[in-house]
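Chain and residue survey
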Amino acid sequence: MKKIISLLLVVCCLLLCLTSCANPETLVTEAMANTQALDAYEAELKMDITMTVGDEEIEMPIVMDMKIKGATTDHPVVYMKSTVEMMGEKVESEIYMDSEWVYMLQDGVGYKMSVDDAGEDGDVSDTLDDMFQDMPESVYEDVKAVKNGDGSKTVSLSIPDSMFEEVFSEVIESMKDSIAQGVQVSDVIVSNAKVNITVKDKYISAYEIMFDMAMQISGVGVTATAKETLTIKNMGDTVTVTPMQGYQSYTEIS
């Protein structure tokens, strides 16, 4: 009898393990929902872009550090500092947004714009919604969650081109705008898309999107590899959002 009971306990443990480990879709979707429900968090968004124009290769790393409180409300308070590097030049800027104004500081010059005038372009609080997208069950087939040394689990997904263009259209547009820098872009083709999602303590701790792009910029053929990585650094009441010094005296624009 003791042997039978012991065997049953072993089988139960194995079944529990298989149930918890065998469904990466549930692991990811629940973690995304938990993370999107956070009212406050601190995150780093890295965009690494390598462009090829003819025989020339150009690297453009972009780093954005964000602090957000009231993320689940209609009026989040946000601070973001971004650094863009390209061809030896570095541009740094800061943005602070409250319920009424978006404040911007670049090259020592400050501007402010009403939230209504800024519209969606001024809202830097929707990064999670742009990246955290529900994907069809088919992309999770034959995929397993890999356990990391810190106890987190990573799910790696390969996304068909047409599906990626539809599901991650906002991410593609963001990358396209970063590459184009205001110049007209056409004939954009996206390929080789992969998404790596790391879950720790039932929350997303890192979300990485990688893909290749080919396009025409002002009639010139350009290819690029793009990687966008969101890392959640801090969550909850310990997040403090502090505006730039002297922000209230910035010049108003519309």
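Described in the following lines is the structure provided in the data block.

**Concerning the pattern of salt bridges**
Scanning the entire structure with this criterion turns up five salt bridges. Here Glu 44 and Lys 233 are joined by a salt bridge, their closest N and O atoms 3.7 Å apart. Of this pair, Glu 44 sits in strand 1 (residues 40-53) while Lys 233 sits in strand 11 (residues 220-235), placing them 189 residues apart in sequence. Between Lys 233 and Asp 65 there is a salt bridge, with its nearest N and O atoms 3.9 Å apart.

**Here we look at the pairing of strand 6 (residues 109-114)**
Across six bridges, the pairing between strand 5 (residues 101-106) and strand 6 is antiparallel. The residue bridging Tyr 103 from the neighbouring strand is Lys 112, located in strand 6. The pairing of strand 6 with strand 12 (residues 251-252) spans two bridges and is classified as parallel. When the bridges of strand 12 are listed, Lys 112 appears paired with Glu 252.

**Concerning the pairing of strand 3 (residues 77-86)**
Pairing analysis gives eight bridges linking strand 2 (residues 56-69) to strand 3, with the strands arranged antiparallel. Pairing of Lys 69 across the sheet is with Val 77, part of strand 3. In this structure, strand 3 lies alongside strand 4 (residues 89-97), joined through nine bridges in antiparallel fashion. Residue Met 86 lies in a different strand from strand 4, and its bridge partner there is Glu 89. In sequence, strand 3 turns back onto strand 4 through a hairpin of two residues, with Met 87 there showing a positive phi of about 55°.

**Focus: the sheet that holds strand 2**
Spatially, 12 strands are ordered 7-8-9-10-11-1-2-3-4-5-6-12 in an open sheet, and the strand pairing comes out mixed. The sheet is open, and its two borders are formed by strand 7 (146-147) and strand 12, each paired with just one other strand. When strand 4 meets strand 5, the two strands line up antiparallel, connected through five bridges. Each residue of the ladder has a partner; that of Glu 94, found in strand 5, is Leu 105. The strands touched by helix 2 (residues 24-36) within the sheet are strand 8 (153-159), strand 9 (185-200), strand 10 (203-217) and strand 11, with strand 10 carrying the most contacts at an inclination of about 95°. The strands touched by helix 6 (residues 169-180) are strand 1, strand 2, strand 9, strand 10 and strand 11; relative to strand 10, the strand with the most contacts, the crossing angle is about 55°.

**What about the environment of Tyr 96?**
Topologically, Tyr 96 is positioned in strand 4. Relative accessible area serves as the criterion here: at 8%, Tyr 96 is assigned to the buried category. When the C-alpha positions of Tyr 96 and Lys 81 are compared, they lie 8.9 Å apart, and in sequence the two are 15 residues distant. Tyr 96 has contacts with Val 77, Val 78, Tyr 79, Trp 101, Val 102, Tyr 103, Val 241, Thr 242, Pro 243, Met 244 and Tyr 247, leaving out every residue within four places of it along the chain.

**Quick notes on unusual backbone geometry**
Positioned with a positive phi, Asp 187 is a non-glycine residue whose angle comes to about 55°. Looking at the secondary structure, you find Asp 187 in strand 9. Asp 187 gets classed as exposed once you look at its relative accessible area, which sits at 58%. Look at Asn 192: it is not a glycine, yet its phi comes out positive at around 55°. As for its placement among the helices and strands, Asn 192 is situated in strand 9.

**Some details on the nonpolar core**
Ranked by internal contacts, the top residues of the largest apolar core, which has 60 residues, are Met 135, Tyr 207, Phe 211 and Leu 230. A total of seven residues in this core trace back to one element, the largest contributor, which is strand 10. Not counting residues up to four positions away in its chain, the partners in contact with Tyr 207 are Met 32, Met 131, Phe 132, Gln 133, Met 135, Phe 168, Val 195, Asn 196, Ile 197, Glu 228, Thr 229 and Leu 230. Listed in part, the 11 residues of the second largest apolar core include Trp 101, Tyr 103, Val 241 and Tyr 250.

**Remarks on the side chain of Glu 44**
Take Glu 44: its relative accessible area is 16%, and that puts it in the buried class. Those residues in contact with Glu 44 that lie beyond four places of it in its chain are Val 63, Met 64, Asp 65, Thr 229, Leu 230, Thr 231 and Lys 233.

**Section: helix 6**
Given a rise of 1.5 Å per residue, 12 residues ought to cover 16 Å, and the 16 Å separating the end C-alpha atoms of helix 6 matches this to within 8%. Burial in helix 6 covers these residues: Val 171, Ile 172, Met 175, Lys 176, Ser 178, Ile 179 and Ala 180. Positioned one or two residues after helix 6, Gln 181 has a phi angle of 55°, which is positive.

Basis of the calculations
- Residues numbered from 1 in each chain as written.
- Predicted model: local features only at pLDDT ≥ 70, side-chain atom pairs only at ≥ 80, totals over all residues.
- Heavy atoms only, no water.
- Salt bridge = Lys/Arg side-chain N within 4 Å of Asp/Glu carboxyl O.
- Helix = DSSP H or I, 4+ residues; strand = E, 2+ residues; numbered from the N terminus.
- Pairing = 2+ DSSP bridges.
- Contact = heavy atoms within 4.5 Å.
- Axes fitted to C-alpha atoms, helices over the stretch in contact; angles between N-to-C directions.
- Buried < 20%, exposed > 50% of the residue type's maximum accessible area, 1.4 Å probe, protein only.
- Core = buried A, V, L, I, M, F, W, Y, C linked by side-chain atoms within 4.5 Å.
- Expected span 1.5 Å × (residues − 1).

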